[in-house]
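# Coordinate analysis (summary)
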Amino acid sequence: MFRRSLDRLITALSVALVLGACTTPEEQGRAAAASPDPPAPTAAASPTTTAPPSATGAPPTSAPPPPTTTAAPAWVVGATPLPLRPDGFGQVLPTPAVLADRALPTADLLPPPADGRFAATVAPVPDAVVARSTWQPGCPVALAELRYLTMSFWGFDGKAHTGEMIVNASAAEGVAGVFRALYAERFPIEEMRVTAAPELDLAPTGDGNNTGAFVCRKGRKLSSWSAHAYGLALDINPFCNPYVQGDLVLPELASSYVDRKNRRPGMVFAGDTAVRAFAAIGWSWGGEWSSPKDIQHFSALGR
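Residues numbered from 1 in each chain as written. Predicted model: local features only at pLDDT ≥ 70, side-chain atom pairs only at ≥ 80, totals over all residues. Heavy atoms only, no water.

## Concerning helix α5 (residues 273-280)
Since the α-helix packs 3.6 residues into each turn, any two residues three or four apart lie on the same face. Along α5, the residues classified as buried are Thr273, Ala274, Val275, Ala277 and Phe278. Packing partners of the buried residues in α5 comprise α4 (172-184), β4 (233-235), β7 (284-285) and β9 (297-299). For α5, the N-terminal capping position is held by Asp272, with its side-chain oxygen 3.3 Å away from the main-chain nitrogen of Ala274. A positive phi of about 85 degrees marks Gly282, the residue just after α5. (Buried < 20%, exposed > 50% of the residue type's maximum accessible area, 1.4 Å probe, protein only. Helix = DSSP H or I, 4+ residues; strand = E, 2+ residues; numbered from the N terminus. Contact = heavy atoms within 4.5 Å. Polar contact = N/O pair within 3.5 Å; in protein donor to acceptor, adjacent residues only side chain to side chain.)

As structure tokens, then:
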């Protein structure tokens, strides 16, 4: 009798273990959907093993790892359109505290330099890059007159990154040399990418900080082409080096950086490496203008 009771107990335990361990994919999916805080996905899950129950029935000694959490970004660039002024620009508002000493991380669009040393490439503009740029047949410069640069730069996050830029072919090597000098100095740049055509029609958010050159557009409130439309002008860290004319500040949330006595990383000043390096290739600096004062702006055409 004792033997039959023991056999029934073993059979019951075996059934319970099987039912507890085996679930269909559909059941697993429903269980995951019912979980209020599913763990964050990982790039590659490592196989795990579970220790078998001990002879005394004690639970395994190893505990599952805690769920992974991702901190919310300090600031999402371009997320909040500004109310407009009568002149069509955004309202100039006080600089948010999180941007008053701007040091946002850089998202990598291209592989960073493998060895941490400066690298640059100069090539005709690839078709795929043309397709996502502002160039079109009506621009004042032909595609054959432009070049696609990739260049190393240091981010505000202290890491080396690779950026991209379209410039006039006549200036490509010189511009690469300027950024070589900035890289050697570890001058921080937040973002360096080709401006996309849809960006020209977006409502202003006042928080952009992209370092770039070619943009096929007219000058601000002018009927003539900007020097950017020829690939012969370049803006460095626009938020840290704003355009100022009267009560207008661009980007519109960069008022804190109008105060040039409060020196912070990413700012350009008279006599520094950026100004001297551009002067060496014959480019002038908008920070030396009286009005407007365009601190971010360097140009081969003097405007």
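## Regarding the side chain of Arg102
Secondary-structure assignment places Arg102 in the loop between α2 (25-34) and β1 (120-123). Owing to a relative accessible area of 1%, Arg102 belongs among the buried residues under this scheme. Engagement of the side chain of Arg102 in a polar contact is seen with the backbone oxygen of Asp207, the distance being 2.9 Å. With sequence-adjacent residues up to four places away left out, Arg102 is seen in contact with Val77, Phe156, Glu190, Asp207, Gly208, Asn209, Phe239 and Tyr257.

## Thoughts on the nonpolar core
Met151, Met165, Val175, Phe179, Leu234, Ile236 and Phe298 are the most contacted members of the largest nonpolar core, which has 32 residues in total. By residue number, the principal contributor to this core is α4, which donates seven residues. When near neighbours in sequence (up to four residues on either side) are disregarded, Phe298 contacts Leu232, Ala233, Leu234, Ile236, Val268, Ala274, Val275, Phe278, Trp283, Ser284 and Trp285. With 12 residues, the next largest nonpolar core counts Leu82, Leu104, Leu253 and Met267 among its residues. (Core = buried A, V, L, I, M, F, W, Y, C linked by side-chain atoms within 4.5 Å.)

## Regarding the packing of aromatic side chains
Per the counting criterion, the structure on display carries six aromatic pairs. Ring geometry for Trp154 versus Tyr183: centroids 4.9 Å apart, planes at 15 degrees, classification stacked. Residue Trp154 is located in strand β2 (residues 146-154), and its partner Tyr183 is located in helix α4; the two are separated by 29 residues in the primary sequence. On the basis of relative accessible area, Trp154 is assigned to the buried category, the value being 12%. In this structure Tyr183 comes out as buried when scored by relative accessible area, which is 7%. One aromatic cluster is present, built from ring pairs that chain together Phe278, Trp283, Trp285 and Phe298. For the cation-ring pair, Arg102 lies above Phe239, with the distance from its terminal atom to the ring centre recorded as 4.6 Å. Taking the ring centre of Phe269 as reference, the NZ or CZ of Arg263 above it sits at 3.8 Å. (Phe/Tyr/Trp six-rings, centres within 6.5 Å; stacked < 30°, edge-to-face > 60°. Lys NZ or Arg CZ within 6 Å of the ring centre and 35° of its normal.)

## Quick look at the sheet that holds strand β6 (residues 248-250)
Taken together, three strands build an open sheet; the order of strands is β6-β5-β8 and the sheet is antiparallel. Two strands lie at the open edges of the sheet, namely β6 and β8 (293-294), each paired on one side alone. One ladder, built from two bridges, connects strand β5 (residues 243-245) with β8; its direction is antiparallel. Paired with Val244 across the strands is Lys293, a residue of β8. (Pairing = 2+ DSSP bridges.)

## Observations concerning the pairing of strand β3 (residues 160-168)
The element β3 is extensively covered by neighbouring structure, given that nine of its nine residues are classed as buried. In this sheet, β3 lies alongside β2 in antiparallel orientation, the contact comprising nine bridges. Directly across from Met151, in β3, lies its bridge partner Gly163. Once β2 ends, the chain turns through five residues before running back antiparallel as β3, passing Gly158 with a positive phi of about 75 degrees.

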